[in-house]
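The primary structure of each chain is shown beneath.
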Amino acid sequence: MTFLIKGVSLLGGEPTDLLLRDGVVAEAGTGVSAAGAQVIDADGLVALPGLVDLHTHLREPGREDAETVETGSRAAALGGYTAVCAMANTEPVADTAGVVEQVWRLGRRAGLVDVQPVGAVTVGLRGEHLAELGAMATSAAAVRIFSDDGHCVSDPRLMRRALEYVQAFDGTVAQHAEEPRLTENAQMHEGEISARLGLTGWPAVAEEAIIARDVLLAEHVGARLHICHVSTAGSVEILRAAKARGVRVSAEVTPHHLLLTDERTTTYDPVFKVNPPLRTGADVAALRQAVADGVIDAIATDHAPHTVEDKECEWAYARPGMLGLQTALPVALEVFGQQWDLIAERMSRAPARLAGLDGHGRHPATGEPANLTLVDPTARVSVDATAQASRSRNTPFARMTLPGRVVATFLRGEPTVLDGKASR
Amino acid sequence: MSRHLLSAADLDADEATAVLDTAAEMANVAGREVKKLPTLRGRTVVNLFYEDSTRTRISFEAAAKRLSADVINFSAKGSSVAKGESLKDTALTLQAMGADAVVIRHGASGAPHRLADWVDGSVINAGDGTHEHPTQALLDAYTMRARLGRLAGLKVAIVGDVLHSRVARSNVLLLHTLGAHVTLVAPPTLLPVGVGAWPADTSFDLDAVLPSSDVVMMLRVQRERMGDSFFPSVREYSRRYGLDGARMRQLPAHAIVMHPGPMIRGMEIAPEVADSPRSTITEQVTNGVSVRMAVLYLLLGGMNQ
Ligand SMILES: [Zn+2]
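Values in this document were obtained by computation on a predicted structure and should not be read as measured data.

K.L.:
Outline the coordination of the zinc ion, supporting the account with residue identities and numerical values.
P.N.:
Residues and elements named next belong to chain A. Bound to the zinc ion are the protein donor atoms Asp-149 (OD), His-176 (ND1) and His-229 (NE2), situated 1.8 to 2.2 Å from the metal. One chain supplies every donor for the zinc ion, spaced along it as D-x26-H-x52-H. Highlighted residues: His-176 in the loop between strand E10 (172-175) and strand E11 (188-189) and His-229 in the loop between strand E13 (225-227) and helix H7 (233-244), separated in sequence by 53 residues.

Here it is as structure tokens:
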């Protein structure tokens, strides 16, 4: 199928026509015509390179009652994504070539986004022995990012070894920075609100101590390091200093940490329970600044579907995590406004680079892979928890009205979303 | 008053005073030969207890019965609750039973708030995790007022495991509302990060606080806290923060000693202190019934009708 997108604004620029044929942008310019092409009137729409998520929990295999590769892929496409990195904390854990290949194949079969599996760093996420990282790297899934996400690789010697070892195949260790002894039974950000609510605190220092340590380890062995879901102002300062002296560290932040604070906890509604927890307004301000000035490289969703039973309960008994794929772009627009180049960099180009996804994060110019998304920037949409493509409904943004609506998403020239609806 | 009593902060000064005044009237009823009032006849009060707390459950049960309410005890042991039924499903059951009030004790902070979203009746927090225990604070305030004649301007020292204490949280909020001045006394490990935002002073030095205190409230300290390195040993804790006879004698002559119970004699309080005339421990139990009658009365049958 050939598509001719008429009059779209590339990253907010002048109206342009894009001809998508054979998986690539065949032509870009004004007055483009093509016989037999399906024409899409994109007047008023903005084209972005297809979004890339560094941090998605698809739950399959093991918790298909919360999400499957297919339902998560659909949510991703509807959110404007063309690639997602699927985290390893499935059941069984994605700690072998067999499991990462299974996830990769499920992604191919769903065909709505490129599903790039993340491999576990340690066997069973237990933090004791390295998983067969090389086997995962050379598998069909070609794993490049390794993470025990959900758990911290807290043993400093094991973390050092992992950082060193993955250099053999250009891998990156993505750390879920959480000092486990400082966060035993932790329920929310430790501060004035946790004191009032009588919920065990998750102190900022538990994140910052691990980031500081790992930055030093990465510096010592000369390895690359990625930090998942940075949530505190102190973490930003550690990263800023590390980057300034040339440490090869990258970092991501979630949409929810850019918009919401621990004030949300006061209802005790576990839809706001997440790990790391929602922080203070000062942290939110520091994270926004870090996204703007590049200390934080990427916005990543940490899309974490959970069943109703795991959320409609007492706060302490609820699982941590929030949906994110369908709301990430609207939240970014809400926070940063129509800074299209910034949004393209943090939500597409940088994550594609970090994940080694060469076909993604490319400006939609002639000859480039046709992975792109079309956004209506003037639309304002009220988030409906019951209308998510995800199998779960644990969005913290329910009933909020956010700017921007994804009208179409193209994966290698084929629409995965058209008129705001998934193609399958 | 609002429909629920989830936090001591739900009450403003007038409402809290109304509870205490109503409790005083209820106490007169308790002194009469026929101890029952017909006020809540035909109304159903459910005691939903996820934690064992015989004394609190019995206190609420006695309060409801003296107001002629039908009482259903729904305890965790031997019920569907123990078999893993979710709080939400239990709430729907209570809703179907037509509960007019649910008194809930739960190990998880905020469980009463969740319940209040799912039932139409009034929810009364009878202690949730390490959050609050508002009727305990009301009975403590009642006891202080009965003994000392006022609350405004009183200096109240709350001593012990503030970090894990729902009694401390509710007392700080209510006493502040009623014009008393609270000082929290604890080792730094047992004060929460963020306590600076509370309407209370803090001190690590019990001996410095006692001479100017009108009320000393001793909190229970669980031995297990020692294993988590909140303090090195029971002996060191009681030497620094326990209330023994010598410390009690530092108090002004009129000062009273309170404890929400159950107390650990020899840990936070010496037997000599617990049994002294300053101690209000048994009055607190008696006053608990009157105060809970007042709360049920005001939430279910009182001013709103
Ligand atoms: Zn994580």
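K.L.:
Give me the lowdown on the pairing of strand E17 (residues 401-411) of chain A, citing residues and values where you can.
P.N.:
All names here are of chain A. Of all eleven residues in E17, nine are buried, a share of seventy percent or more. For E17 and strand E18 (residues 414-418), the ladder comprises three bridges, and the chain directions are antiparallel. By the bridge assignment, Thr-409 is partnered in E18 with Val-417. What sits between the antiparallel neighbours E17 and E18 is a turn of two residues, in which Arg-412 has the positive phi angle 50°.

K.L.:
Any details on the environment of A:Gly367? Residues and values, ideally.
P.N.:
Note that A:Gly367 resides in the loop between helix H11 (340-355) and strand E16 (372-382). A:Gly367 sits in the exposed class, given a relative accessible area of 53%.

K.L.:
Talk me through the sheet that holds strand E2 (residues 70-75) of chain B; I want residue IDs and the actual numbers.
P.N.:
Residue and element names in this part refer to chain B. The strand order across the open sheet built from four strands is E2-E1-E3-E4, with neighbouring strands paired in parallel fashion. Every interior strand has two partners, whereas the edge strands, E2 and strand E4 (122-128), have only one. Going across the sheet, the axis of each strand differs from the next one's by a mean of 15°, ignoring polarity. Summarising the sheet, strand E3 (residues 101-106) and E4 pair through five bridges and their orientation is parallel. Its bridge partner being in E4, His-106 is matched across the sheet by Asp-128. Its contacts with the sheet put helix H3 (residues 87-97) on strand E1 (44-49), E2 and E3, and the angle it makes with E1 is roughly 165°. Contacting E1, E3 and E4, helix H12 (residues 281-301) crosses the sheet at an angle of about 150° to E4.

K.L.:
An account of the packing of aromatic side chains is needed here, citing residue identities and associated values.
P.N.:
Residues and elements named next belong to chain A. A full pass over the atoms with the stated rule returns five aromatic pairs over all chains. Where Phe-3 meets Phe-410, the ring centres are 5.4 Å apart and the plane angle is 65°; that geometry is what we call edge-to-face. You can see Phe-3 sitting in strand E1 (residues 3-10) and its partner Phe-410 sitting in strand E17, a full 407 residues away along the chain. An identical accessibility class is assigned to Phe-3 and Phe-410; each is buried. Judged by centre distance (5.9 Å) and plane angle (65°), the ring pair of Phe-146 and Phe-169 falls under edge-to-face. Of this pair, Phe-146 sits in strand E9 (residues 145-146) while Phe-169 sits in the loop between helix H4 (156-165) and E10, and the two are 23 residues apart along the sequence. Using a relative accessible area of 16% as the deciding quantity, one classes Phe-169 as buried. Among the aromatic residues, those joined into a cluster by ring pairs are Phe-146, Tyr-165 and Phe-169.

K.L.:
Tell me about the interface of chain A and chain B, and name the residues and values.
P.N.:
Contacts between the two partners involve 18 residues from chain A, matched on the other side by 19 residues from chain B. Taking both partners together, chain A and chain B bury about 1,400 Å²; carbon and sulfur atoms supply 56% of that area. It is A:Tyr268, A:Glu312 and A:Glu314 in chain A that bury the most area against chain B; as a group they hold 37% of the surface buried on that side. Scanning the region where chain A abuts chain B turns up two salt bridges. A:Asp269 serves as the salt-bridge partner of B:Arg114, at 3.8 Å between the closest nitrogen and oxygen. Summed over the shared surface of chain A and chain B, the result is seven residue pairs in polar contact (both at pLDDT 80 or more).

Cut-off values and rules
The written sequence of each chain sets the order in which its residues are numbered from 1. Here every chain gets a letter starting at A, and every ligand a number starting at 1, in the order they are written. Selection of residues for local features in this predicted model requires a pLDDT of at least 70, selection of side-chain atom pairs for listing and counting requires 80 or more, and totals for whole chains, interfaces and linings are taken over all residues. Remark: hydrogens and water are excluded; side-chain values derive from all non-hydrogen atoms of the structure. Only nitrogen, oxygen and sulfur atoms qualify as donors, provided they sit within 2.8 Å of the metal or within 3.2 Å for Na, K and Ca; with water excluded from the atoms, sites may seem incomplete. Starting at the N terminus, helices and strands are each numbered in turn, a helix being any DSSP run of H or I of at least four residues and a strand any DSSP run of E of at least two. Remark: exposure states derive from per-residue accessible area (1.4 Å probe, protein chains only) relative to the maximum for the residue type, with buried under 20%, exposed over 50%, and partly exposed in between. In short, DSSP must find at least two bridges between two strands for them to pair. Every angle, taken between N-to-C directions, lies between 0 and 180 degrees, and every axis is a line fitted to C-alpha atoms, over only the stretch in contact when it is a helix. The contact criterion used is simple: two residues touch if any of their non-hydrogen atoms lie within 4.5 Å. Note on aromatic contacts: the rings of Phe and Tyr and the six-membered ring of Trp form a pair at centre separations within 6.5 Å, being stacked when their planes are under 30 degrees apart, edge-to-face when over 60 apart, and tilted otherwise. By convention, the term buried area covers the 1.4 Å-probe accessible surface removed from two parts as they join, with the contributions of both added. Just to be clear on terms, a salt bridge is a Lys or Arg side-chain nitrogen sitting within 4 Å of an Asp or Glu carboxyl oxygen. Counted as a polar contact is a pair of N or O atoms within 3.5 Å, where, for protein atoms, one must be capable of donating a hydrogen and the other of accepting one, and residues adjacent in sequence contribute only when both atoms are in side chains.

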